[in-house]
Amino acid sequence: MHLDPFELHRPTTVDEVVRLATELAGRFDYLAGGTDLLPNYKMHLNAKPHLVALEDVRELRGHSDSRLGAMERLADLEADRTFGRTHPGLTDAIGEVATPLVRSSGTVGGNLLVDTRCFFFNQSYFWRSSLGFCLKADGDRCHVVPQAERCYATFSGDLAPALLVLDAEVEVAGPSGRRRLPLGALYDPGGDGIRRTRLAPGDLLVAVHLPPGPPGRRARYKKLRVRPSYDFPELGVAVAGAWDSERVRSLRLAVGGVETLPRRFDDLTDPLVGTPLTPEAVNRLADEVQRRVRPVHNTFLPPDYRRRMVGVYVRRAFAEAREGSAG
Amino acid sequence: MSSRELLSFRLNGHPVEVPCPSPRVLLDLLREDLRLTGTKRGCDLGTCGCCAVLVDGRPTLSCLTLARLVDGRSVETIEGVSPPRGLNPVQAAFVAHGATQCGFCTPGFVVTATALLRSNPRPSRAEIERAISGNLCRCTGYIKIIEAIEDAARTEE
Ligand SMILES: Cc1cc2nc3c(=O)[nH]c(=O)nc-3n(C[C@H](O)[C@H](O)[C@H](O)COP(=O)(O)OP(=O)(O)OC[C@H]3O[C@@H](n4cnc5c(N)ncnc54)[C@H](O)[C@@H]3O)c2cc1C
Ligand code: SF4
Ligand code: FES
Ligand code: FES
C-alpha cells in the first residue's frame, strides 16, 4: 500500500507548529505516532497534502502525576508502575488500547483525537468505490443511517472516557495563545459527526492536565471488544468517584465506543451525591445509561447487543472499581 | 525540504545514507530500497506485527513509521538481532521448540521477544503473552512460541 505524496514538516517548538498550522489550515494533518492516521492514509481516507510531524517538539513529551504531554507514548505511561498504581482507571484504559506494538508509538493526544470508525469507512478505496463512497470520505450519503447530513461513525478511543471521569482538562495552543478547557468541551456534539471537536484551524493539543481527585477516589474502565488483545472498543465504560455504602461523595460516569463522541452522564450521577450507593442505585443508573445510548450498526457487534452490554459493564465497573494507592 | 533528501541513520550498527521521499514508510525502505527482506509485510496496517523492528531499541511497527522520521536514529531489523554466525537465543529456542511453521510471522516474534528479554530478562508467562499480543501467527497456536521465549529467557541467564 502506498501513501499519496505529501510534504513533511518537522517543527521543533509549539510556536512553530501553530505558525505552520495556521498557514496550512485545511491542507494538513498533524502526525503524532501515526498509528491511526497512517492506516487511514494508506486507504486514501481524507489524506492531506501536508503532514506536520510533532515528533521533535520536546514540550509535548513527558508525564507527571498531574500532566500528560500530548506526545507521550502510551507504552511509556504503561511502563511507569508508580503512575499505574496511582491512576487505576486510566491505567486500565491505557493497557487496553490496541496492542503493545501499537502502544509503543501511539500517543495520548492521538488517542483523544483518533478518527471515528465505521464498517463502511475503514475500507480500501476500491471497496468504498463499489458502494459510491459515503459522507465521511468522497461521497454524499450515509450507508448506516440513510440521509445526507450527518455521519454516525463511532468514537473508538479508550482514553477519553477514562479521562473524562477524572475531570481532565486539555491545554490547547492556538494563534491567540494558550487556553485550557475541560476535556468534555473539546468534543463538539453540535457538529455533523465529521467535524467533532472545538479545535480551530491552527490549534494544537499540548497536554492533558489531571486535577487532584477527592481522597479515596476509586476508578475503573471496562472495555468490550471482540479480540481482547487487539480490537478497538465496541463499548467502553469508565467510572470514578469516592463512595461507600453510606454516602457518595463524588461520582462520574462516561461511555465511549457506542456513539460519535464519548459522553459523560453528570445529570444522572450528580443527584446520587450525598446518598448511599446501594446495589439498587447502581442498577437504576446502569439501566438509565443503557436506555440513553444510541449505537448504530457500523461496527462488528450488533448495536442491540452493545447497548445491552452497557448496563452490564456499568455494573461491573462499579463492582471492580479500586482505589489508587500512593507510591 | 526536497522530496528526495538523503536520509541517514544507523542500520544494524552500520551508518547508511539513502535517498527517501516523504511518503516512504520504513518497511518499504528496508525491503525495497535496502533489500533487507527479513522484515515482513503482513497487513501493512498495524495489525499483525510481522514488520516489527527496533528503533533506538524500541519495538516499532515499520509499516506505520515514516522512514524520514528515523533520521539520526538507530534501527535494528531481524538481520541485526541475529549474530553474524548462528542464531540468537530466541531464534535457537524457536528452532528447538518448533515454534515456527510457515515462518512468515517469525521475524516479528523474534524481534518483539528479543526486545522483551533485553528490558525484562526473566519475564513471567503472563508478561510474555502480553508482550507478543500484537504479533499474529496463523499456524502455531502460540503455545510453542511462548514456551520458546520462556526457554530463551532461562538459557540467556
Ligand atoms: C491494530 C490497531 C488497533 C487499534 N486499537 C485501538 C484501540 O483498541 N483503542 C484505541 O483507542 N485506539 C486504537 N487504535 C488507534 C490508535 O493506535 C490509538 O488511538 C493511538 O493512541 C493513536 O495515537 P497516535 O499518536 O498514533 O495518533 P496519530 O495517528 O498520529 O493521530 C491521530 C489523530 O490525532 C491527531 N493528533 C495527534 N496528536 C495531536 C495533537 N497533539 N494536536 C492535535 N491533533 C493531534 C492527528 O492529526 C490525527 O488526526 C488502534 C490502531 C491500530 C493500528
Ligand atoms: S456512519 Fe455513514 S457517513 Fe459515517 S462513515 Fe459510516 S457510512 Fe460513512
Ligand atoms: S505489516 Fe506492519 S503490522 Fe502488519
Ligand atoms: S508460523 Fe505461520 S504465521 Fe506463524
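All values derive from a computational prediction rather than experimental measurement.

Some points on the sheet that holds strand 2 (residues 28-31) of chain A
All names here are of chain A.
For step 1, the next point in the chain: If you trace the three strands from one edge of the open sheet to the other, you get 1-3-2, paired in parallel fashion. The open sheet terminates on both sides in strands that have one partner only, identified here as strand 1 (7-9) and strand 2. Adjacent strand axes in the sheet meet at a mean angle of 25 degrees, parallel and antiparallel pairs treated alike.
For step 2, the next point in the chain: Two elements, strand 2 and strand 3 (residues 50-53), share four bridges in a ladder whose sense is parallel. For Tyr 30, the partnering residue across the bridge sits in strand 3 and is Val 52.
For step 3, the next point in the chain: Here helix 1 (residues 14-23) sits on the sheet in contact with strand 1, strand 2 and strand 3, set at roughly 155 degrees to strand 2.

Looking at the packing of aromatic side chains
All names here are of chain A.
For step 1, the next point in the chain: Scanning the model with the defined rule gives nine aromatic pairs over all chains in all.
For step 2, the next point in the chain: Between Phe 119 and Phe 120 the ring centres are 5.6 Å apart and the planes differ by 85 degrees, which places this aromatic pair in the edge-to-face class.
For step 3, the next point in the chain: Using a relative accessible area of 46% as the deciding quantity, one classes Phe 119 as partly exposed.
For step 4, the next point in the chain: A network of ring pairs unites the aromatic residues Phe 119, Phe 120 and Trp 127 as a single cluster.
For step 5, the next point in the chain: Between the NZ or CZ atom of Arg 150 and the centre of the ring of Tyr 152, over which it lies, the distance is 5.3 Å.

Here's the deal with the domain arrangement of chain B
All names here are of chain B.
For step 1, the next point in the chain: One can read the domain layout of chain B as domain 1 (4-80) and domain 2 (89-156).
For step 2, the next point in the chain: Distance from the C-alpha centre of domain 1 to the C-alpha centre of domain 2: 22 Å.
For step 3, the next point in the chain: Taken together, the 15 residues of domain 1 in the interface contact 13 residues of domain 2.
For step 4, the next point in the chain: Summed over both partners, the interface of domain 1 with domain 2 buries about 1100 Å², with 68% contributed by carbon and sulfur atoms.
For step 5, the next point in the chain: Inspection of the domain 1/domain 2 interface yields one salt bridge.
For step 6, the next point in the chain: Note that Arg 118 is salt-bridged to Glu 76, the shortest N-O span being 2.9 Å.
For step 7, the next point in the chain: Inspection of the region where domain 1 meets domain 2 yields three residue pairs in polar contact (both at pLDDT 80 or more).
For step 8, the next point in the chain: With three residues, the top contributor of residues to the side of domain 1 that touches domain 2 is strand 3 (residues 52-55).

Brief notes about the pattern of salt bridges
For step 1, the next point in the chain: Counting across every chain of the model gives 46 salt bridges over all chains.
For step 2, the next point in the chain: A salt bridge links Glu 320 of chain A to Lys 222 of chain A; the nearest nitrogen and oxygen atoms lie 3.1 Å apart. One end of the pair, Glu 320 of chain A, is in helix 13 (residues 303-320); the other, Lys 222 of chain A, is in strand 8 (residues 218-224), and 98 residues separate them in sequence.
For step 3, the next point in the chain: A relative accessible area of 15% places Lys 222 of chain A in the buried class.
For step 4, the next point in the chain: Via salt bridges that share partners, Lys 42 of chain A together with Arg 24, Asp 28, Glu 32, Asp 33, Arg 41 and Asp 44 of chain B belong to a single interconnected network.

Structural notes on the nonpolar core
For step 1, the next point in the chain: Core analysis: the biggest nonpolar cluster contains 87 residues, and Leu 90, Leu 112, Leu 159 and Leu 163 of chain A together with Leu 66 of chain B have the highest contact counts within it.
For step 2, the next point in the chain: Beyond its immediate sequence surroundings of up to four residues, Leu 90 of chain A is in contact with Leu 68, Phe 83, Leu 159, Ala 162, Leu 163, Leu 166 and Leu 210 of chain A.

Section: the site of ligand 1
Residues and elements named next belong to chain A.
For step 1, the next point in the chain: Near ligand 1 lie 35 residues; those nearest to it are Tyr 30, Gly 33, Thr 35, Thr 107 and Asp 158.
For step 2, the next point in the chain: A distance of 2.7 Å is found between an oxygen atom of ligand 1 and a backbone nitrogen or oxygen belonging to Gly 34.
For step 3, the next point in the chain: In this structure, Ser 156 approaches ligand 1 through a main-chain N or O atom, which is 3.3 Å from an oxygen atom.
For step 4, the next point in the chain: Burial of ligand 1 by the surrounding chains reaches 94%, relative to a free accessible area of 980 Å².
For step 5, the next point in the chain: Only strand 2, helix 7 (108-112) and strand 7 (204-209) provide two or more residues apiece to the shell around ligand 1.

Some points on the packing of helix 3 (residues 89-97) of chain B against helix 4 (residues 106-119) of chain B
Residue and element names in this part refer to chain B.
For step 1, the next point in the chain: Two elements in contact, helix 3 and helix 4, have axes separated by 9 Å at closest approach and are oriented at 130 degrees. With respect to their mutual orientation, helix 3 and helix 4 come out oblique. Note on packing geometry: the crossing formed by helix 3 with helix 4 is right-handed. Contacts from Val 90, Gln 91 and Phe 94 of helix 3 reach helix 4 at Thr 106, Phe 109, Val 110, Ala 113, Thr 114 and Leu 117.
For step 2, the next point in the chain: Broken down by class, the residue content of the contact of helix 3 with helix 4 amounts to six nonpolar, three polar and no charged.

Notes on the sheet that holds strand 2 (residues 14-19) of chain B
All names here are of chain B.
For step 1, the next point in the chain: Taken together, five strands build an open sheet; the order of strands is 2-1-5-3-4 and the sheet is mixed. Sheet topology places strand 2 and strand 4 (58-61) at the edges, where each strand pairs with a single neighbour. Here the average twist between neighbouring strands, direction ignored, is 40 degrees.
For step 2, the next point in the chain: Relative to strand 5 (residues 74-76), strand 1 (residues 6-11) runs parallel, the two sharing two bridges. Looking at the pairing, Arg 10 lines up with Ser 74 of strand 5.
For step 3, the next point in the chain: Along the sheet face, helix 4 touches strand 3, strand 4 and strand 5 and points at about 35 degrees away from the line of strand 3.

A look at the pairing of strand 7 of chain A
Residue and element names in this part refer to chain A.
For step 1, the next point in the chain: Within strand 7, six of the six residues are buried, which leaves the element mostly enclosed by the surrounding structure.
For step 2, the next point in the chain: By the bridge criterion, three bridges tie strand 4 (residues 67-69) to strand 7 in an arrangement that is antiparallel. Across the sheet, the residue bridging to Leu 68 is Val 208, located in strand 7.
For step 3, the next point in the chain: When strand 5 (residues 169-174) meets strand 7, the two strands line up antiparallel, connected through five bridges. Its bridge partner being in strand 7, Glu 171 is matched across the sheet by Ala 207.

Description of the interface of chain B and chain A
For step 1, the next point in the chain: Opposite the 35 residues of chain B that make contact, chain A presents 33 residues.
For step 2, the next point in the chain: At the junction of chain B with chain A, the criterion picks out four salt bridges.
For step 3, the next point in the chain: A salt bridge links Asp 44 of chain B to Lys 42 of chain A; the shortest N-O distance between them is 2.9 Å.
For step 4, the next point in the chain: Breaking the side of chain B that touches chain A down by element, the ones donating at least two residues are helix 1 (26-33), strand 4 and helix 5 (125-131) of chain B.
For step 5, the next point in the chain: By residue class, the composition of the side of chain B that touches chain A is 15 nonpolar, ten polar and ten charged.

Scoring rules and cut-offs
- Residues numbered from 1 in each chain as written.
- Chains lettered and ligands numbered in written order.
- Predicted model: local features only at pLDDT ≥ 70, side-chain atom pairs only at ≥ 80, totals over all residues.
- Heavy atoms only, no water.
- Pairing = 2+ DSSP bridges.
- Helix = DSSP H or I, 4+ residues; strand = E, 2+ residues; numbered from the N terminus.
- Axes fitted to C-alpha atoms, helices over the stretch in contact; angles between N-to-C directions.
- Contact = heavy atoms within 4.5 Å.
- Phe/Tyr/Trp six-rings, centres within 6.5 Å; stacked < 30°, edge-to-face > 60°.
- Buried < 20%, exposed > 50% of the residue type's maximum accessible area, 1.4 Å probe, protein only.
- Lys NZ or Arg CZ within 6 Å of the ring centre and 35° of its normal.
- Domains from an automatic or database assignment.
- Buried area = accessible area lost by both parts, 1.4 Å probe.
- Salt bridge = Lys/Arg side-chain N within 4 Å of Asp/Glu carboxyl O.
- Polar contact = N/O pair within 3.5 Å; in protein donor to acceptor, adjacent residues only side chain to side chain.
- Core = buried A, V, L, I, M, F, W, Y, C linked by side-chain atoms within 4.5 Å.
- Near = heavy atom within 4 Å.
- Areas by Shrake-Rupley, 256 points an atom, 1.4 Å probe, with all protein chains shown as cover.
- Parallel < 35°, antiparallel > 145°, perpendicular 65-115°, else oblique.
- Left-handed = near helix turned anticlockwise from the far one by under 90°.
- Nonpolar A, V, L, I, M, F, W, Y, C, P; charged D, E, K, R; others polar.

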